[in-house]
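Examination of the molecular architecture
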Number of protein chains: 2
Amino acid sequence: MAPEQGVAPAGADFLRQVGADIFVGCGAPLREAALVASELVEANLMGYDSHGIVRCNEYVDYVHRGRITPGAAHRIVREQRNTAVVDCGLNFGQVGATYMTDLACGKARDGGIAYIVSTRCSHVGRVGSYVQRAAERGYFAFATCNNQKVGHIVAPWGGREGRLGTNPLAFGAPTEKWPVVLDMTTCMIAGGKLNMLKLAGKPAPPGTIQDVEGNPSTDPAVITALSLDPAAPSGTILPFGSAYGYKGYGLSMMVEIMGGIMAGLDMTQHNPGANGFAIIVVDPDAFFGRAAFRSLVDSMCAYQMSSAPAPGFSEVVVPGLYDFRLREKRLAEGIPVERSVWDLVIEAGKRVGVKVPKEVRA
Amino acid sequence: MAPEQGVAPAGADFLRQVGADIFVGCGAPLREAALVASELVEANLMGYDSHGIVRCNEYVDYVHRGRITPGAAHRIVREQRNTAVVDCGLNFGQVGATYMTDLACGKARDGGIAYIVSTRCSHVGRVGSYVQRAAERGYFAFATCNNQKVGHIVAPWGGREGRLGTNPLAFGAPTEKWPVVLDMTTCMIAGGKLNMLKLAGKPAPPGTIQDVEGNPSTDPAVITALSLDPAAPSGTILPFGSAYGYKGYGLSMMVEIMGGIMAGLDMTQHNPGANGFAIIVVDPDAFFGRAAFRSLVDSMCAYQMSSAPAPGFSEVVVPGLYDFRLREKRLAEGIPVERSVWDLVIEAGKRVGVKVPKEVRA
């Protein structure tokens, strides 16, 4: 199959190496640089291109503006047997979130369930990655991620002013093959997707955004909050649920409580860091054992997929299945990288004195 | 204001007394009978009439068919410091769920977080009630409730056969006044609401249900699974989210995992009991304290409600606010009870030898 014009297939190892070089160039220790790069490339492999290698330049920007402190240590600032508050020190969010996930798994082993929240956590990337990490070890995990006040581009239900972030939530559960991984925003469209549409000059799907007056719009440019003066009136993304948007609004508030308020943060103020990451991990060994749990999740998945498809669908899948299938395909055929995205990666390299090849490699 | 034709305002105390009499007539100890009746009346007060006093006759039916065993003891069948599996003994679901909520609060005080799941739990009523109970004591709570296989009237995303229950989830958080309480199904319309529409001969809202072939429908009668042979092909309710229904589908699977699978139950089999209730309770004292938590939730609510309303809305509210306002109104003016509903309550009384007044009283 001929590649799409302006799109070249890149090898995952190649992208990981370039990413790691750039983050080492930012001052990150090699192990942490490799972790961040690997998280971005995993997002690409799974089809979350808005959370992939395209972020390199943005992260370099954050480092230069002091919003990310490469190599900073994390610190447990409050702890009980099954809970902890982790100050992530403004290191790359992936470093803190990975540490928190491992800490939660350890505490869940010892007591059945654990809940860890963060402060000063930078952008963690794909939230699904962390619940997947826990699920791959046999745990059940639920994670949430709120946004800093400047990212409040989602309107409350019935409102027309930004009051919430895109506030994703995710859960993961093990199966014999790929884990079940749901990773969803609690609004009608993710901020990253909206930005990609804006860059491409494409409209947003109907029913996802509204202009500054609260009238329906499909023009991504109505959301000015992120690009211009954050205090100026801006259009907003609608909470998830269309006519039943009070549900997405409610879920978004839950994410806010779990990721920000429980960490002692007032959402109406500026708090350092980009994301309030939070994770709950459950060890099925406290219930009926990991083997039984895994087998029952398998049974659930098979049961769902046994449903005859509705008109317009060719099969019934479970959350994450398309992503894992795409991952196999992209591992085999390469990750499609658009010219405009690669130019951003090259620019990121230049800014930290790292030479990035002009073209991607397989 | 003249009452709606065929609708009479009933006092909450009066309804509680009638309900308690009926459940005592079923063989429940007075304290448990009063608890169940109080839960139903609270649902009426909050506007969840489909989970209100209308259920009396259904519960009597369950008792007569052995699906509910009044007075049965609950038993902890598996326990770790912060987790437990409670066998609710097929007692009224409200009895087991209330016990589980209190157990979870106690365990959360000791370790920061607790997670309790059930087996053999009957219909628990309004799920929001239990997270509200925890929130009123200063905790943050998250609860889920799955359905028995016979209640699998919700299609998976892209499917046309019932594979999931209506699977509600709820969360509650304290404020200085009424707690924030979100109580939502993970499908497009609650089963109880659909039944009320069917009884009233009204159509379902567009986009909520599909017929047996998976084509859109607004006729509640296409869902035959609950009323006829459960094995016969039936129409289905769609998962929550309209064009993004994979999100509601994913959340529904999470409810299934939390309430059924973690309790060791295979959802493809018949398991005794109606609901798999599960609750996670967090004690903010393990983080930055209950007072700070409550105050930050207040701040969040005020911030949301400070948004200018969008066209078509007169104000921005937070989850539960309309319900608590309605509760005040109904406490003052009475709970509107339809003639057809009261006739069902009278019938329930007759079946257990309890004389119920022909007309409701204030």
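Residues numbered from 1 in each chain as written. Chains lettered and ligands numbered in written order. Predicted model: local features only at pLDDT ≥ 70, side-chain atom pairs only at ≥ 80, totals over all residues.

Notes on the overall build of chain A
Scanning chain A from N- to C-terminus turns up 10 helices and 12 strands. The C-alpha atoms of chain A give 20 Å as radius of gyration, which agrees with the globular expectation for 362 residues (21 Å, within 12%). If one aligns the C-alpha atoms of chain A with their principal axes, the spans along those axes are about 55 × 50 × 45 Å. In chain A, which comprises 362 residues, the proportion classed as buried is 58%. In chain A, the proportion of contacts linking residues at least 24 apart, taken out of those at least 6 apart, comes to 66%. (Helix = DSSP H or I, 4+ residues; strand = E, 2+ residues; numbered from the N terminus. Rg over C-alpha atoms; globule rule 2.2 N^0.38 Å. Buried ≥ 20, exposed ≤ 12 C-beta atoms within 10 Å, placed from the backbone. Contact = placed C-beta atoms within 7 Å.)

Looking at helix H5 (residues 128-135) of chain B
Most of H5(B) sits inside the fold, with 8 of its 8 residues counted as buried. Check the buried side of H5(B) and you find it contacts helix H2 (30-45), helix H4 (93-109), strand S5 (140-147), strand S6 (169-173), strand S7 (180-184) and strand S11 (275-282) of chain B.

Remarks on the packing of helix H1 (residues 12-25) of chain A against helix H2 (residues 30-45) of chain A
Residues and elements named next belong to chain A. Where H1 contacts H2, the axes come no closer than 8 Å and their chain directions differ by 140°. Relative to H2, the element H1 is oriented oblique. Once H1 is placed against H2, the crossing between them reads as right-handed. Contact with H1, carried on its side by Ala 12, Leu 15, Arg 16, Gly 19, Ala 20, Phe 23 and Val 24, involves Leu 30, Ala 33, Ala 34, Val 36, Ala 37, Ser 38, Leu 40, Val 41, Asn 44 and Leu 45 of H2 and no other residues of that element. Taken together, the residues that form the contact of H1 with H2 break down as 13 nonpolar, 3 polar and 1 charged. (Axes fitted to C-alpha atoms, helices over the stretch in contact; angles between N-to-C directions. Parallel < 35°, antiparallel > 145°, perpendicular 65-115°, else oblique. Left-handed = near helix turned anticlockwise from the far one by under 90°. Nonpolar A, V, L, I, M, F, W, Y, C, P; charged D, E, K, R; others polar.)

As for the interface of chain B and chain A
Counting residues at the interface gives 65 residues for chain B, matched by 65 residues for chain A. Only strand S2 (75-80), strand S3 (83-87), strand S4 (113-119), S6, S7, helix H7 (245-259) and helix H8 (290-305) of chain B provide two or more residues apiece to the side of chain B that touches chain A.

A short note on the sheet that holds strand S9 (residues 216-217) of chain A
Residue and element names in this part refer to chain A. Within the open sheet, the 3 strands sit side by side as S9-S8-S10. Their pairing is antiparallel. Unpaired on one side and paired on the other, S9 and strand S10 (236-237) mark the two borders of the sheet. Inspection of the sheet shows strand S8 (residues 209-210) paired to S10 by 2 bridges, in the antiparallel sense. Looking across to S10, one finds that Ile 209 is bridged to Ile 237. (Pairing = 2+ DSSP bridges.)

Let's talk about the environment of A:Val222
All names here are of chain A. Looking at the element boundaries, Val 222 is found in the loop between S9 and S10. The partly exposed category is assigned to Val 222, around which 19 C-beta atoms lie within 10 Å. C-alpha separation for the pair Val 222 and Tyr 115, spaced 107 residues apart in sequence, amounts to 37 Å. For Val 222, the contacting residues outside a window of four places in its chain are Ile 209, Asp 211, Val 212, Ser 217 and Gly 235.

Description of the pairing of S3(B)
Residues and elements named next belong to chain B. With 5 of 5 residues buried, S3 lies mostly within the body of the structure. Residues Thr 83, Val 85 and Asp 87 point to one face of S3 and Ala 84 and Val 86 to the other, with burial holding for every one of them. Adjacent in sequence and paired antiparallel, S2 and S3 are bridged by 2 residues. In terms of strand pairing, S3 meets S4 through 5 bridges, oriented parallel. If you follow Val 85 over to S4, its bridge partner there is Val 117. Following the backbone out of S3, through H4 and into the adjacent parallel S4, one traces a crossover that is right-handed. (Right-handed = clockwise from strand over helix to strand, strands pointing away.)

Here's the deal with the relation of the copies chain B and chain A
Its rotation angle being 180°, the transformation that places chain B on chain A also includes 0.0 Å of axial translation and leaves an RMSD of 0.0 Å. Both copies of the chain, as the preceding transformation shows, are related through a two-fold rotation axis. Residues of chain B ranked by C-alpha distance from the rotation axis are headed by B:Gly241, positioned 2.6 Å from it. When the interface residues of chain B are mapped onto chain A, 100% of them again fall at the interface, so both copies present the same face. (Least-squares fit on C-alpha atoms with pLDDT ≥ 70 in both.)

Describing helix H7 (residues 245-259) of chain A
Here H7(A) spans 21 Å end to end across 15 residues, near enough to the 21 Å set by a 1.5 Å rise per residue. Across the 15 residues that make up H7(A), a large majority, 14, are buried. (Expected span 1.5 Å × (residues − 1).)

Quick notes on the sheet that holds strand S8 (residues 209-210) of chain B
The strands that make up a sheet are held in pairs by hydrogen bonds between backbone atoms, and each pair lies either parallel or antiparallel. Taken together, 3 strands build an open sheet; the order of strands is S9-S8-S10 (chain B) and the sheet is antiparallel. A strand with exactly one partner marks an edge of an open sheet, and here the two such strands are strand S9 (216-217) and strand S10 (236-237) of chain B.

What to know about the packing of H2(B) against H4(B)
Residues and elements named next belong to chain B. Contact pair H2 / H4: the axes reach a minimum separation of 9 Å and the direction vectors enclose 90°. By the criterion of interaxial angle, the relationship of H2 to H4 is roughly perpendicular. Of H4, the residues touching H2 (which contributes Glu 32, Leu 35, Val 36 and Glu 39) are Gln 94, Val 95 and Thr 98. Taken together, the residues of the contact of H2 with H4 sort by class into 3 nonpolar, 2 polar and 2 charged.

Some remarks on the domain arrangement of chain A
Residues and elements named next belong to chain A. Domain boundaries assigned for chain A yield domain 1 (7-67 + 320-351) and domain 2 (75-290). Just the C-alpha atoms count here: the centres of domain 1 and domain 2 sit 21 Å apart. Listed by partner, the interface residues are 17 residues for domain 1 and 20 residues for domain 2. Elements with a minimum of two residues in the side of domain 1 that touches domain 2: H2 and helix H9 (321-333). The class makeup of the residues in the side of domain 1 that touches domain 2 is 9 nonpolar, 4 polar and 4 charged. (Domains from an automatic or database assignment.)

Topic: the nonpolar core
Judged by nonpolar contacts, the single largest core of 203 residues is most densely connected at A:Ala141, A:Ala143, B:Ala141 and B:Ala143. If you look at the next biggest cluster of nonpolar residues, it comprises 18 residues, including A:Ala310, B:Cys187, B:Ile189 and B:Ala225. (Core = buried A, V, L, I, M, F, W, Y, C linked by C-beta atoms within 7 Å.)

Some points on the confidence of the model for chain A
Residues of chain A with pLDDT of at least 70 account for 97%, and the chain-wide mean is 94. Here the prediction assigns the complex a pTM of 0.96, and the interface score ipTM is 0.96. (pLDDT = per-residue confidence, 0-100.)

A short note on unusual backbone geometry
All names here are of chain A. The phi dihedral of Asn 167 falls on the positive side, at around 35°, and the residue is not glycine. Its location among the elements puts Asn 167 in the loop between strand S5 (140-147) and strand S6 (169-173). Asn 167 gets classed as buried once you count the C-beta atoms within 10 Å, which come to 31.

Here we look at the environment of B:Val63
All names here are of chain B. Tracing the sequence through the fold places Val 63 in helix H3 (residues 56-64). A sequence separation of 186 residues divides Val 63 from Tyr 249, and the C-alpha atoms of the two residues are 32 Å apart. Those residues within four positions of Val 63 in sequence are excluded, and the remaining contacts are Cys 26, Ile 68 and Pro 70.

Quick look at the environment of A:Val181
All names here are of chain A. Inspection of the secondary structure puts Val 181 in strand S7 (residues 180-184). Sequence spacing of Val 181 and Ser 129 is 52 residues, and the spatial spacing of their C-alpha atoms is 8.6 Å. Residues contacting Val 181, with those up to four places away along its chain left out, are Gly 128, Val 131, Gln 132, Ala 135, Ala 170, Gly 172, Pro 319 and Gly 320.

Considerations on the pairing of strand S12 (residues 335-338) of chain B
All names here are of chain B. Side-chain alternation along S12 places Ile 335 and Val 337 on a buried face and Pro 336 and Glu 338 on a face that remains uncovered. Bridge count between strand S1 (residues 7-10) and S12: 4 bridges; the pairing is antiparallel. In the strand pairing of S12, Ala 8 is matched with Val 337.

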